[in-house]
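# Survey of secondary and tertiary structure
Each chain, written out:
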Amino acid sequence: MYNTKAYAAASATSPLAPTTIARRDPTANDVQIEILFCGICHSDLHQVRNEWSEVMPTVYPCVPGHEIVGRVTKVGSGVTKFKAGDLAGVGCLVDSDGTCPECKAGFEQFCNNMVLTYNFPDKHTGGVTYGGYSDTIVVDQNFVLRVPANLDLAGAAPLLCAGITTFSPLHHWGVGKGKKVGIVGLGGLGHMGVKLAHAMGAHVVLFTTSPGKKDDALRLGADEVVVSRNADEMNKHAGSFDFILDAVSADHDINAYINLLGRDGNITLVGAPAKPLQVAAFPLLFRRRSFSGSLIGGIAETQEMLDFCGKHNITSDVEVIPIQKVNEAYDRLAKADVKYRFSIDMASLKNA
Ligand code: NAP
Ligand code: ZN
């Protein structure tokens, strides 16, 4: 084991503060990474504040962060995929059993024995896993991604969660040319959804509660913008969508969006509000609509997404901050006030 600097929350009500954590020395199959940038996902905020206590209670101290980009500093003797000096990415997953049908099909995110990057039992240390608000991380080579060299690193970090979480359902539901696609909420996930659906060739409509984000949405690739609190604007789109991706972090009226779907249209939820949503029967019955969910994506699909972003030169629009501003960033994230992802420059931790 070795010590590394990190930022952790000591309880659901404490601010994040500097600390030192122990990581394992790299074993034969491990890659050690010096973290350069780590995105701030709304999931970090939910978990630090223990808002998902009923599903996955937070174990403190909690070191969040699962949008990690860095440089390989050391590899174990059995590592063939990476060498010291390579760029590397780590997302929400750091392990799975590799033997179950889900893993074999490339759905590591649905493996019963998957290990999330933070706040999950860590079989190496006996504690919980610690995420990317840290100097370094040690990860099995099978869960380390290749980051295309042409991408800006601060903007590439959020691809590891916001990118794959939107890419996977867009891909699964056949989004492409000739499809009318809605994205709900222009936050970290939503703005990636707009960029990716646009690059896939769809007609993209962005739904927002923030009228001030309208011009940005058009610049990011939306063909139309609807202020969702305006019922007339919403009604104009009734029954017209093939697919809608809902990336809202808080309680909201899902039925208003189900009504916008055409025959066999689907709305997929990726947002994870703590409170159950109220779903009315009739909007689903009419036009045989469906409502589903989606969780990040598998490792191979994450690599596919990174390669797609490399090819189309897609990164997240980021506000780069030093780690010392992380608590301020959380307060702004809670108010839907970020354009459109915070990316922490981890050099600020090293020099602290
Ligand atoms: P974010 O950057 O905070 O964006 C959320 C957006 O939702 C806001 O920008 C806002 O957009 C909208 N919103 C916020 N409060 C709202 C309200 N009360 N009513 C209506 N709209 C509201 O968050 P994020 O990082 O994109 O994450 C979004 C959600 O996805 C979180 O719950 C997160 O935990 C979850 N998540 C899920 C997965 C998965 O695998 N399924 C992965 C990552 C994250 P407008 O201002 O445009 O309205
Ligand atoms: Zn995330």
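Residues numbered from 1 in each chain as written. Chains lettered and ligands numbered in written order. Predicted model: local features only at pLDDT ≥ 70, side-chain atom pairs only at ≥ 80, totals over all residues. Heavy atoms only, no water.

What follows covers the coordination of the zinc ion (ligand 2). In the first shell of the zinc ion (ligand 2), the protein supplies Cys41 (SG), His66 (NE2) and Cys161 (SG), at 2.0 to 2.2 Å from the metal. The sequence pattern describing where the donors of the zinc ion (ligand 2) fall on their chain is C-x24-H-x94-C. On the criterion of sequence distance, the pair formed by Cys41 in the loop between strand S3 (30-40) and helix H1 (42-48) and His66 in the loop between H1 and strand S4 (68-75) is long-range, its members being 25 residues apart. (Donors = N, O, S within 2.8 Å, 3.2 Å for Na, K, Ca; no water. Helix = DSSP H or I, 4+ residues; strand = E, 2+ residues; numbered from the N terminus.)

Here we take up the state of the cysteines. Structurally, a disulfide amounts to a covalent bond that connects the sulfur atoms of two cysteines. This model, assessed by the stated rule, comprises 0 disulfides. Free cysteine Cys100: the closest other cysteine sulfur is in Cys103, separated by 3.7 Å. (Disulfide = S-S within 2.5 Å.)

Of all residues adjacent to ligand 1, which total 30 residues, the nearest are His42, Thr208, Thr209, Ser210 and Arg341. One nitrogen or oxygen atom from the main chain of Ala272 is found 2.9 Å from an oxygen atom belonging to ligand 1. Within the complex, 90% of the 920 Å² of free accessible area of ligand 1 lies under protein. Where the shell around ligand 1 is concerned, the elements lending two or more residues are H1 and helix H5 (188-199). Element by element, the count of residues in the shell around ligand 1 is highest for H1, at 3 residues. Split into classes, the residues belonging to the shell around ligand 1 amount to 14 nonpolar, 13 polar and 3 charged. (Near = heavy atom within 4 Å. Polar contact = N/O pair within 3.5 Å; in protein donor to acceptor, adjacent residues only side chain to side chain. Areas by Shrake-Rupley, 256 points an atom, 1.4 Å probe, with all protein chains shown as cover. Nonpolar A, V, L, I, M, F, W, Y, C, P; charged D, E, K, R; others polar.)

What follows deals with the pattern of salt bridges. Applying the stated criterion across every chain, the model contains 15 salt bridges. Put simply, Arg24 and Asp30 hold a salt bridge, and the shortest N to O gap is 2.8 Å. Both residues of the pair, Arg24 and Asp30, belong to the buried class. One salt bridge connects Asp264 with Arg263, and the closest N-O pair in it is separated by 3.6 Å. Judged by its relative accessible area of 36%, Asp264 is partly exposed. One continuous salt-bridge network, built from bridges that share partners, spans Lys195, Asp216, Arg219, Asp317 and Lys339. (Salt bridge = Lys/Arg side-chain N within 4 Å of Asp/Glu carboxyl O. Buried < 20%, exposed > 50% of the residue type's maximum accessible area, 1.4 Å probe, protein only.)

Attention now moves to the sheet that holds strand S9 (residues 180-184). What the 6 strands build is an open sheet, ordered S11-S10-S9-S12-S13-S14; its pairing is parallel. A strand with exactly one partner marks an edge of an open sheet, and here the two such strands are strand S11 (224-227) and strand S14 (290-293). Each strand axis lies, on average, 20° off the axis of its neighbour in the sheet, ignoring direction. (Pairing = 2+ DSSP bridges. Axes fitted to C-alpha atoms, helices over the stretch in contact; angles between N-to-C directions.)

One ladder, built from 8 bridges, connects strand S1 (residues 2-9) with strand S2 (residues 16-23); its direction is antiparallel. Residue pairing in the sheet places Ala6 in a bridge with Thr19 of S2.

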